[in-house]
Every structure is written in C-alpha cells, then in structure tokens.
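Structural overview for review
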Amino acid sequence: MKVHALAAYAPGEPLRPFEYEIGAVSGFDCVIRVQSCGLCHSDIHVVDNDWGGATFPVVPGHEAVGEVVELGPGVTHLKIGDRVGVGWQSGACLGCRDCLRGNEQMCDANQATILHQYGGFGDYMTVDSRFAFPIPDGLASAAAGPLLCAGITVYSGLRHAGMRGGQEIGVIGIGGLGHLAVQFAAKLGNRVTVFTTSPEKAEYAARLGAAEAVIVGRDGSPPQKPSRPLDIIIDTVASGKDYNAYLNCLDSDGVFNLVGIGNDPIPLSVFAFQDKRRRIMGSPIGSRSEMIEMLGLAARYGIVPQIETFAFERANDAVQHVRDNKVRYRAVLLMD
Ligand SMILES: [Zn+2]
Ligand SMILES: [Zn+2]
C-alpha cells in the first residue's frame, strides 16, 4: 500500500509531499486510515530537530485518529473498522520494570511516533496496535486528537500529583495543555485557579470551569497569592517564572508538577518547599491504562480541546500558525 504523506526533508524545512510503501502487516501492527491529526509544538521541535535524534524525512503527527483497515496476525483486541487514536508513544519493550508496573511511558526503550517511524500526516499510517487506543463514541475524531498528547499529559500529571477531587488546583498557562488541565480538574470536582498573562484567557478559563484567575506579568515577576492555598499546581509553561513564589502558593504538603517541556535550570530555595513539606515533580505523557481512563472521562464529562482545523493541504499554514503561537488552542489537520 502506498501512503501519501507530508514530510520535512531536512531540519526546519516546510512540509512537502512524501510517499512511502507499507508492506505486509506483521505481528501486533495495524494500519490506520487517518481521518484527522493534531499538530503539536513537539511536531515542530522534531521537524526543526531541536532535540536531536530526528531521522529525515520526518513525517510529523502524533495526535492521529482514524479507522483500522488492516491488522497483523497478533492483534486480538481491535477489529477492522474500529476508530482508534495514536499519541506521542508508539512502542515500549513491555518487559522492563517500568513497563511491568504499567508505566510504559517511562520505559528506557520507549518509541516515539514521529522519531522512530512515520507519523500521522498522511492518508494511512502503521502503528503497534498495543499503542492504538479505541476512541469512545461520544468523542469527535478531530477533538480526540489533542487529547492523545496534551490531554494525557495533563491528566496523568494531575493524577500523579495526587488529584482526587474536592481539592484546590492551580494551572499555570492557558494554552494547548492548560485549557485541558482546567477542564479535567474542574469537571472532576476540584476548584481551579489559573495563572495567566492574558485577561482574555482568564475569561476563557472561567468559561471552562476555573473559579479564580491570577494575572501574572510576562517578565517572570512573582504572582499574587490566590485567595486559597493550593493542593496542586500543574505548570504547563516550562520556564521564565519565580518558582519559589509559586511554591509559596501551595498549601502544606502541596505538589508542584512540571509538565511543560523546557530545559532551563530552575533556581529553588530549600525553604520554599521544606518548611511546608511541599514537593516538586515532573511527569511525561501517561501510561496506556491512563490513556483509556482519560478518553473515557473526556467522553463522559464533555472534556474537549478547543481546536482550529486545517485541510490537509494547508498543513504548512497550520505549522506557521503554531510557530507564531496564534492557535486557540490546538491545530488539527483534517484528512477526510
Ligand atoms: Zn504533542
Ligand atoms: Zn519497558
């Protein structure tokens, strides 16, 4: 089968048509006819080879949703015609300590959809079916895409920071991740405070269920303390802030979780977390079981990303829109 995809042929280049062949499907693999695929900042980081390790041509797309059209002989849990989604991770060893604990996302041998294979910017893609997740009926395909990356990142991050319900949750940044974090936290029964530089985004967050907003400066100056101490802060903006001041917005035993991607050093005062037994942590995407749980909750509680859709042929416009930070709040390519 010939796949008509879009690829960057060298770092930073625009996407151009690229064709490749899918051979006989073996083992646990499945072939998906892609209906829609989100475009995430991480796609652009890989296209630009910011993190190294990209193999060109790069076919981006790790928020793909589509219909199963072919199954390898090992696949028993999916059938032809099922609607499935593929996120950032496309494989793991499934035998190491992390995998056996249900933490496949932390496997040392974990594979990324757009680093180790061709991603979802094409009419078809092949993927290990053990990393293809059935999409619940209540979720539209285009909306489900960003849940597979941004959604799972904030959902798993909130859970591992201890979110249960009835808590005070802070969300730093109202963007692709943050606007989903607000919904997961609020709709699962928590009171949400957002930290944002934009009054418009604060209003939008209120419509999504946030109870309080702290408007912060773009200069990284310390935020005003919210009206109540927070149990959890989830940070979707990786850098440029006064971390000690944010830690001081936490209650005793509060947890600060870094889920935004960044490489800047974090200056921390021991007192900011020691005196009130606070913790600081980070967390990456989520496990397969969390993915299934997250998709189910999103369908049940109507947790969906706000998306801007682009026809597949306009992929480069979508890339530019994301590069310019203009997307509200996730870009999705439509193949159908
Ligand atoms: Zn992503
Ligand atoms: Zn493993």
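Here the structure is shown first, and the text comes after it.
As the structure is a prediction and not an experimental result, all values here were calculated from the model.

Let's shift gears to the overall build of the chain. Of regular secondary structure, the chain possesses nine helices and 17 strands. For 336 residues, the compact-globule formula gives about 20 Å, and the C-alpha radius of gyration of the chain, at 20 Å, lands near that figure. With the C-alpha coordinates aligned to their principal axes, the bounding extent of the chain is approximately 60 × 40 × 35 Å. Taken over 336 residues, the chain has a buried fraction of 53%. Sequence-distant contacts, at least 24 apart, represent 66% of the contacts inside the chain between residues at least 6 apart. Carbon and sulfur atoms make up 50% of the accessible area of the chain, which amounts to about 14200 Å² in all. For the chain, the separation between the mean place of its 29 positive charges and that of its 36 negative charges on side chains is 6 Å.

We now examine the pattern of salt bridges. Counted by the stated rule, this structure contains 17 salt bridges. The salt bridge involving R16 is made with E13; its shortest N-O contact spans 3.5 Å. Using a relative accessible area of 42% as the deciding quantity, one classes R16 as partly exposed. Residue classification places E13 among the partly exposed positions, given a relative accessible area of 30%.

Around the zinc ion (ligand 1), the protein contributes the donor atoms C40 (SG), H62 (NE2) and C149 (SG), at 2.1 to 2.2 Å from the metal centre. Read in sequence order, the donor residues coordinating the zinc ion (ligand 1) give the pattern C-x21-H-x86-C. Pair noted here: C40 is in the loop between β3 (29-39) and α1 (41-47) and C149 is in helix α3 (residues 141-160), with a separation of 109 residues, a long-range link. When sorted by exposure, C40 lands in the same class as C149, which is buried.

Time to look at the side chain of Q89. Here Q89 is to be found in strand β6 (residues 89-91). In this structure the side chain of Q89 is engaged in a polar contact, spanning 3.2 Å, whose partner is the backbone oxygen of G91. A polar side-chain atom of Q89 sits 2.9 Å from the main-chain carbonyl oxygen of E104. Sequence-distant contacts of Q89, defined by excluding residues within four places in its chain, comprise E104, Q105, N110, Q111, T113, F131, I285 and G286.

Around the zinc ion (ligand 2), the protein contributes the donor atoms C93 (SG), C96 (SG), C99 (SG) and C107 (SG), at 2.3 to 2.4 Å from the metal centre. Classification of the site at the zinc ion (ligand 2) as tetrahedral follows from its four donor atoms and the range of 105 to 117 degrees in their angles at the metal. Sequence positions of the residues that donate to the zinc ion (ligand 2) give the spacing C-x2-C-x2-C-x7-C. One end of the pair, C96, is in the loop between β6 and α2 (97-100); the other, C107, is in the loop between α2 and β7 (111-112), and 11 residues separate them in sequence. A relative accessible area of 23% places C96 in the partly exposed class.

Conventions we followed
- Residues numbered from 1 in each chain as written.
- Chains lettered and ligands numbered in written order.
- Predicted model: local features only at pLDDT ≥ 70, side-chain atom pairs only at ≥ 80, totals over all residues.
- Heavy atoms only, no water.
- Helix = DSSP H or I, 4+ residues; strand = E, 2+ residues; numbered from the N terminus.
- Rg over C-alpha atoms; globule rule 2.2 N^0.38 Å.
- Buried < 20%, exposed > 50% of the residue type's maximum accessible area, 1.4 Å probe, protein only.
- Contact = heavy atoms within 4.5 Å.
- Areas by Shrake-Rupley, 256 points an atom, 1.4 Å probe, with all protein chains shown as cover.
- Lys, Arg positive; Asp, Glu negative; His and termini not counted.
- Charge placed at Lys NZ, Arg CZ, Asp CG, Glu CD.
- Salt bridge = Lys/Arg side-chain N within 4 Å of Asp/Glu carboxyl O.
- Donors = N, O, S within 2.8 Å, 3.2 Å for Na, K, Ca; no water.
- Polar contact = N/O pair within 3.5 Å; in protein donor to acceptor, adjacent residues only side chain to side chain.
- Tetrahedral: all angles 85-135°; square planar, octahedral: opposite > 155°, others 65-115°.

That is the geometry; function is a separate question.
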